Amino acid sequence: MRIVFAGTPDVAADVLRGIVQSGHEVCLVLTREDAPVGRSKTLTPSPVAAVAEELGLRTIKSNKPDKLVVDEIGSTGAELGIIVAYGSILKAPVLDAVPNGWYNLHFSLLPKYRGAAPVQRAILAGETETGVTMFKLDQGMDTGEVLKQVPTAISPRENAKELLNRLGQLSISVLLEALPEIYSGTFTLTPQSGEASFAPKPTREEGKIDFNLDALTIQHKVLALNPEPMAWCLVGIENMRILDALQSLSSNVVDQMTAQEPGALTYLDGKLYVKCGGDSVLELISVQPSSKREMLAKDWFNGNRSIERLS
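First, a word on what this report is: a plain description of the structure on this page. Predicted, not measured: the structure shown is a model, and the values here were computed from it.

**Observations concerning the sheet that holds strand β2 (residues 25-31)**
Strand order in the open sheet made by the 7 strands is β5-β2-β1-β6-β7-β8-β9, with mixed pairing throughout. The sheet is open, and its two edges are formed by β5 (59-61) and β9 (146-153), each paired on a single side. Each neighbouring strand pair of the sheet contributes to a mean axis angle of 15 degrees, computed without reference to strand direction. As defined by bridge partners, strand β8 (residues 129-136) adjoins β9 across 7 bridges and the pair is classed as antiparallel. The partner of Met 134 across the bridge, within β9, is Lys 148.

**Overview of the packing of helix α1 (residues 10-21) against helix α2 (residues 47-54)**
Remark: α1 packs on α2, axes separated minimally by 7 Å, with the N-to-C direction vectors making an angle of 25 degrees. As judged from the angle between their axes, α1 and α2 are roughly parallel. Remark: the crossing between α1 and α2 carries right-handed chirality. Together, Asp 10, Ala 12, Ala 13, Leu 16 and Arg 17 of α1 and Pro 47, Val 48, Val 51, Ala 52 and Glu 54 of α2 make up the contact between the two elements. Across the contact of α1 with α2, the residue classes break down as 7 nonpolar, no polar and 3 charged.

**Focus on the pairing of strand β7 (residues 102-106)**
Most of β7 is tucked away, with 5 of its 5 residues classed as buried. Relative to β7, strand β6 (residues 80-84) is paired through 3 bridges, and the arrangement is parallel. In the sheet register, Gly 81 faces β7, and the bridge partner there is Trp 102. Looking at chain direction, β7 and β8 are connected through 4 bridges and run antiparallel. Looking across to β8, one finds that Tyr 103 is bridged to Lys 136.

**Observations concerning the side chain of Ser 248**
Position of Ser 248 among the secondary structure elements: in the loop between β11 (238-247) and α8 (251-257). A relative accessible area of 11% places Ser 248 in the buried class. Not counting residues up to four positions away in its chain, the partners in contact with Ser 248 are Val 253, Val 254, Tyr 273, Val 281, Leu 282 and Glu 283.

**Topic: the environment of Lys 41**
Inspection of the secondary structure assignment puts Lys 41 in the loop between β3 (35-37) and β4 (42-44). Of the residues examined, Lys 41 reaches a relative accessible area of 58% and is grouped as exposed. Put simply, Lys 41 and Asn 165 are 124 residues apart on the chain and 26 Å apart in space, counted from C-alpha to C-alpha.

**Considerations on the packing of aromatic side chains**
Enumeration over the complete set of coordinates arrives at 3 aromatic pairs. With a centroid separation of 6.3 Å and an interplanar angle of 85 degrees, the aromatic rings of Tyr 103 and Phe 187 are classed as edge-to-face. In this pair, Tyr 103 is assigned in strand β7 and Phe 187 in the loop between α6 (160-184) and α7 (215-224), connecting sequence segments 84 residues apart. Classification of Tyr 103 by relative accessible area gives buried; the value is 0%. Ring geometry for Trp 300 against Phe 301: centres 6.4 Å apart, planes inclined by 50 degrees, an arrangement best described as tilted. Summarising the burial analysis for this pair, Trp 300 and Phe 301 share the class buried.

What counts and how
- Residues numbered from 1 in each chain as written.
- Predicted model: local features only at pLDDT ≥ 70, side-chain atom pairs only at ≥ 80, totals over all residues.
- Heavy atoms only, no water.
- Pairing = 2+ DSSP bridges.
- Helix = DSSP H or I, 4+ residues; strand = E, 2+ residues; numbered from the N terminus.
- Axes fitted to C-alpha atoms, helices over the stretch in contact; angles between N-to-C directions.
- Parallel < 35°, antiparallel > 145°, perpendicular 65-115°, else oblique.
- Left-handed = near helix turned anticlockwise from the far one by under 90°.
- Contact = heavy atoms within 4.5 Å.
- Nonpolar A, V, L, I, M, F, W, Y, C, P; charged D, E, K, R; others polar.
- Buried < 20%, exposed > 50% of the residue type's maximum accessible area, 1.4 Å probe, protein only.
- Phe/Tyr/Trp six-rings, centres within 6.5 Å; stacked < 30°, edge-to-face > 60°.

What follows is the structure in structure tokens.
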């Protein structure tokens, strides 16, 4: 079958490359319009657009596919649509533009974590398992019938970028296994079952750390929001990003900090700790002070010994 592929970020670009390298025919790529990037706000093609150009694939850039896009899809003779993190909901005319429908690769075990940020929300909630779901698109938000679903464990130390990259590679395997079944008509679609939950994109405000919460909850926030929008706290009146942190299970450390208030810092045996709620302690591993580079938390503290607490 001739495939039209829709996607935008790096993980979608990896899937696109995997489809082409496996010998399947991608006759058209749909991605979002060039967007401003960096301090200079330079208009930059999406990762999918860059890979499509590298592979010599016909490409349409559109944030809201309209009749012109539908006509373009029709002109290619595309028979099947594959979508990965495109960034917009496809309306009925686009869904109907390919005779065998569209299939979405979603990075959760649907119906859990429908929406834009399933990986971040799963880590934020302290989930120990997630997965890839391949389902047939309908007009709802991630509500279509499931073709394949493959679970995988979440490592306690995986951040959102690491987990997303791993799920992206898993999704390539899922898709390449499913395509022959779609081509031959031997696949089965199953309605989603279980309680649905939703995964809106985290805001910068959500990234603010409340040290009255327990250390494990804060660890989940730090991992879930790396690389965006990042967990952060205040050092005086300055913002500081917390890039990596780990709940301390050392009874010696916890005992030494029991009398301290949440947010208090302690430097012990070459490591930097912050007191959290519920008599728990968080080890700060890497940080990024305002307008500075990423650094080890202990190196930051050694240059700022007068700082006694975070807020």
